[in-house]
Amino acid sequence: MRCVDAIDSPLVAPVILAEKLSKTFRVKVREPGLAGAVSALVRPRYRDVHAVRDVSFAIAPGEIVAFLGPNGAGKTTTLKMLTGLLYPSGGRVEVTGFTPWTGGSPFKRRIALVLGNRQQLAWDLPAEETFQLNRAIYDIPDAAYRERLAELVALLGLAEVLDKPVRQLSLGERMKCELAAALLHRPAILFLDEPTLGLDVTAQDAIRRFLAEYRDRHGATILLTSHYMQDVTALALRVLIINRGRLLYDGLLGALVARIARVKRIELVLGVGVTAEALGRFGTVRSFRSPNAVLEVPREEAAATSARVLAALPVADLSIQDPPIEEVIRQAFAEGSEAET
Amino acid sequence: MTRARGWVGTYAALIRNAWLVDLQYRAAIGLWLLWGITEPAIALGIWWAIASGGPVGGYARADFARYFFALMLVNQLTIAWDSWYLDRWIREGDLNFRLARPLNPIHESIADNIAYKARSGGVILVLWLLVALVWPAVRLSFDPARWALTALAVLLAGAMRFFISFTTGLLAFWTTRASAVMELHAGLALFLAGRVAPLSLLPPALASVAGVLWFRGMISFPVELLTGAVHGASQIQRGFAEQMVWLGLWFAAYRLAWSRGVRQYGAVGG
Amino acid sequence: MTEVRLPTFRVQRSAFRILAALWRLNFAEELQYRANFVASLVGTAFWIATALLTLALFFRHTTLLGGWSYWEVVVLLGVFNALTGVIEAVLRPGIGQLASEVRSGRLDLVLSRPVDAQAFVSFRKLDVWRLTDVALGLGLAGYALARLGQMPSALQLAAFVVALASAAVVVYAIWVALMSLAFWFVAVENLSVLFDAVYEGARYPVSAYPGALRFLFVYLLPIAWTTTIPASALTGRLRPEIGLVAVAVAVVAFALARVLWSQALKRYTGVSG
């Protein structure tokens, strides 16, 4: 199942363009056991791992887009191809008019890459030192540097932590400093790989709000990979779902929910004397913990079924909800895999 | 014009960062400095005993003392550790963000070396001066011309050892045993670069191998320049010529390893 | 479901299968480690060859080193390698991480265990393959003895074993003393570098050094007792009674180190409250 809900106007040239992007790794095959170990040494055999298969998408300037998918789906590989760390096995990719792999310094000045699990800040020095280093590396003029630093410090709340060695900072503070360091040169595109990984809820929230604010102010295009749903719901209107190297869905999150979620959930607060069996006549009982219950019904019948329930049973409260996003995504993966086999 | 100023600014920032980090690790660096002192000191102790009955291969006790102190200084000013952390960068993914920056990672390493060597070289120099106050044997004659030539030879030697170390580290693009290669090289350099004994004391076969390969230019030639063991215009010129040739070759090796390595990295990732 | 099988028969069959699977897994692992084993063996052989060449270089210009002939010094080199094998296999893995544990506070976890902290930290990890260095070292010493044309008497051999064991204890005591430093100078990251730098002096007979160094290596940093003494016992350079002195030195060294460790530990736990 592969669908695109196009939202970008054809009049705006995309800042990121991927056409049938593919990446295949040759991996040594090692049979288990003693004989296998020997033969792997003597006569190595290889097998192809298709990390990314025929992925195509276009991203307009100023969009915030999330790559969603389970571990090993190909998100990070795609990201590396967009930033020039890997070169594609097939297809083509263009980012701000450059081919990332051959873009060189001019390309690298237009982008920023923040990896969630590896940091670029000098560990034993205050973050400010790394900022100064980046100023020199990216040739940022003094006045511009001071102005941008002030803005980033204000937006991220970094005033207290700038002069403490990075190793003394909390994970959340470190990530904020990483972001500041990455944005000093005002990149056109910010690539983030699992930016909220391992952070506590407050820090995650702060970072998401910052990214939205930054985009609103400066029109930067932000591309992030994640397996946290909240990253998506809070930030990105547009998701690209990748699983097993294939792009399963590309479009608005809301549209995805509408397309895939074939059911709706009716959340009820019931009156006395209602049994699960009684409720079960109207649909699938998802959970029943008196007085709360959740009933699942096909989307089209949600309204009608609600009316019938209200008429037949004592109900104190009722509301109709979409199923949780995680389930929607899981269903998208499952359907995508089914489509393959 | 602005490009040059850009490079100066970049290097200033890189060196400053490296200097500050070294400051944080001064205890650990101090220990490595200790190693840099004890190894020549023990060798000196042995040769001192051997030369108790008179000069050995043209080296009297005082000559040995001067040689090994000069060795301490030259070694600290030329030693390169880069293969060790390069190996780690490549294997642990620390190369990624560096490749995404508009700065070739080698500049960070060069700046690191400059900061480290300025500091530890300074320490050795001070140490030497202090020892020279109480031990006449290690004193050198004041000859600005010789010192200037030595400085140049040290610069060339340091650059070459850097590229050897960096290139060896780049082998990590292809193998997990890059550090083993560096260890092998260090073992060979013990003899062939003159760390265990002045090259003239080696069996002639080994000494000529050292002269034919890059080892003499690594440490021995600058040391001999400083102690005055090498003199005469032709000898000095030949020494410099050898250094420059090998520096050129190792630089070429680095360029090859880097371009191939990055392509390999782009194929299989890190 | 209608078949009737003797249960014992079935158990035997599966037991064989399990055993076979375990063995296969074991061998596959073995092969993987064997590559590392070969690598470390080659590495050690290389460094021994380097050391022998260095010796040959010295002896190119002299017949005696501190009164020792070439092959006598090779015996000492063998002892040196045997001891470094013990250090690499037993001491370095466990003690090497102590400094970082002190800094990160993970040491508290170690100290909370109901075992003697010193013993635990020292012996917690074993790098088994490095024990081959011990074999190589002793083999080298044996070969050198053969080249000397000397066969040690039973008494000399006994003295050697005692002296070697004492040497191991002295080395251990030095490491414990260094470990204790980790508590005072928490920034000392590379304790093992400190040891390696100084221990290089144990490669050569202590008599080869000038007076001041000799004093240092016998009385202050007693590394002379670790290689010179056992080698002397083996080659008959010193009377077998030296073994008893070696034991005394080992006891004193261990006691001093233990005191140092206890003081350091007391101070550490006091500070961290």
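Residues numbered from 1 in each chain as written. Chains lettered and ligands numbered in written order. Predicted model: local features only at pLDDT ≥ 70, side-chain atom pairs only at ≥ 80, totals over all residues.

## Details of unusual backbone geometry
Residues and elements named next belong to chain A. Of note in this structure, R186 is not a glycine but carries a positive phi near 45 degrees. Position of R186 relative to the elements: it lies in the loop between helix 6 (171-183) and strand 7 (189-193). We classify R186 as partly exposed; it has 14 C-beta atoms within 10 Å. Backbone geometry places E194, a non-glycine residue, at a positive phi of 50 degrees. Mapped onto the fold, E194 is located in the loop between strand 7 and helix 7 (201-218). Looking at E194, the number of C-beta atoms within 10 Å reads 19, which means it is partly exposed. (Helix = DSSP H or I, 4+ residues; strand = E, 2+ residues; numbered from the N terminus. Buried ≥ 20, exposed ≤ 12 C-beta atoms within 10 Å, placed from the backbone.)

## Focus: the nonpolar core
Counting 133 residues, the largest nonpolar core has M160 of chain B together with V170 and W175 of chain C as its most contacted members. By residue number, the principal contributor to this core is helix 7 (residues 154-184) of chain C, which donates 18 residues. Setting aside residues no more than four positions away along its own chain, M160 of chain B makes contact with W214, G217, M218, Q243, W246, L247 and W250 of chain B. Counting residues in hydrophobic clusters, the runner-up holds 82 residues, among them L115, L156, L190 and Y214 of chain A. (Core = buried A, V, L, I, M, F, W, Y, C linked by C-beta atoms within 7 Å. Contact = placed C-beta atoms within 7 Å.)

## Description of the pairing of strand 11 (residues 263-270) of chain A
Regular strands have side chains that alternate between both faces of the sheet. Residue and element names in this part refer to chain A. Most of strand 11 is tucked away, with 6 of its 8 residues classed as buried. Sheet topology places strand 11 next to strand 13 (residues 292-298); 7 bridges connect them, and they run antiparallel. Of the residues in strand 13, the one forming a bridge with L268 is A293. Here strand 11 runs beside strand 14 (residues 315-321); their pairing, made up of 6 bridges, is antiparallel. Residue pairing in the sheet places R265 in a bridge with Q321 of strand 14. (Pairing = 2+ DSSP bridges.)

## A few points about the interface of chain C and chain B
Opposite the 30 residues of chain C that make contact, chain B presents 25 residues. The set of elements that each furnish at least two residues to the side of chain C that touches chain B consists of helix 1 (7-59) and helix 8 (191-199) of chain C. Here the side of chain C that touches chain B is composed, by residue class, of 19 nonpolar, 7 polar and 4 charged. (Nonpolar A, V, L, I, M, F, W, Y, C, P; charged D, E, K, R; others polar.)

## Notes on the domain arrangement of chain A
Partitioning chain A into structural domains gives domain 1 (3-24 + 57-258) and domain 2 (263-321). With centres defined by C-alpha atoms, the gap from domain 1 of chain A to domain 2 of chain A works out at 43 Å. (Domains from an automatic or database assignment.)

## With respect to the sheet that holds strand 14 of chain A
Residue and element names in this part refer to chain A. Pairing in this open sheet of 4 strands is antiparallel, and the strands run 12-13-11-14 from one edge to the other. Only two strands of the sheet have a single partner each, and these edge strands are strand 12 (284-289) and strand 14. This sheet shows a mean twist of 15 degrees between the axes of neighbouring strands, independent of strand direction. Relative to the sheet, helix 11 (residues 302-312) contacts strand 11, strand 13 and strand 14, its axis offset from that of strand 14 by approximately 175 degrees. (Axes fitted to C-alpha atoms, helices over the stretch in contact; angles between N-to-C directions.)

## Topic: helix 6 (residues 131-148) of chain C
Residues and elements named next belong to chain C. For helix 6, built from 18 residues, the straight-helix expectation of 26 Å at 1.5 Å per residue is met to within 8% by its first-to-last C-alpha distance of 26 Å. Within the span of helix 6, buried status applies to D133, G137, L140, A141 and A144. Burial along helix 6 is one-sided: seen end-on, the buried residues are contained in an arc of 95 degrees. Among the residues trailing helix 6, G149 stands out with phi positive, at a value near 75 degrees. (Expected span 1.5 Å × (residues − 1). Arc of directions from axis to C-beta.)

## Examining helix 10 (residues 215-227) of chain B
Residue and element names in this part refer to chain B. Here helix 10 is 13 residues long and its end C-alpha atoms lie 18 Å apart, about the 18 Å a rise of 1.5 Å per residue gives. A bend of about 35 degrees at F221 is the largest found in helix 10, and the proline P222 appears one to four places after it. By the criterion of burial, helix 10 is predominantly enclosed, with 13 of the 13 residues buried. Positive phi shows up at G228, right after helix 10, with a value of about 85 degrees. (Bend = angle between axes of the 7 residues up to and from the residue.)

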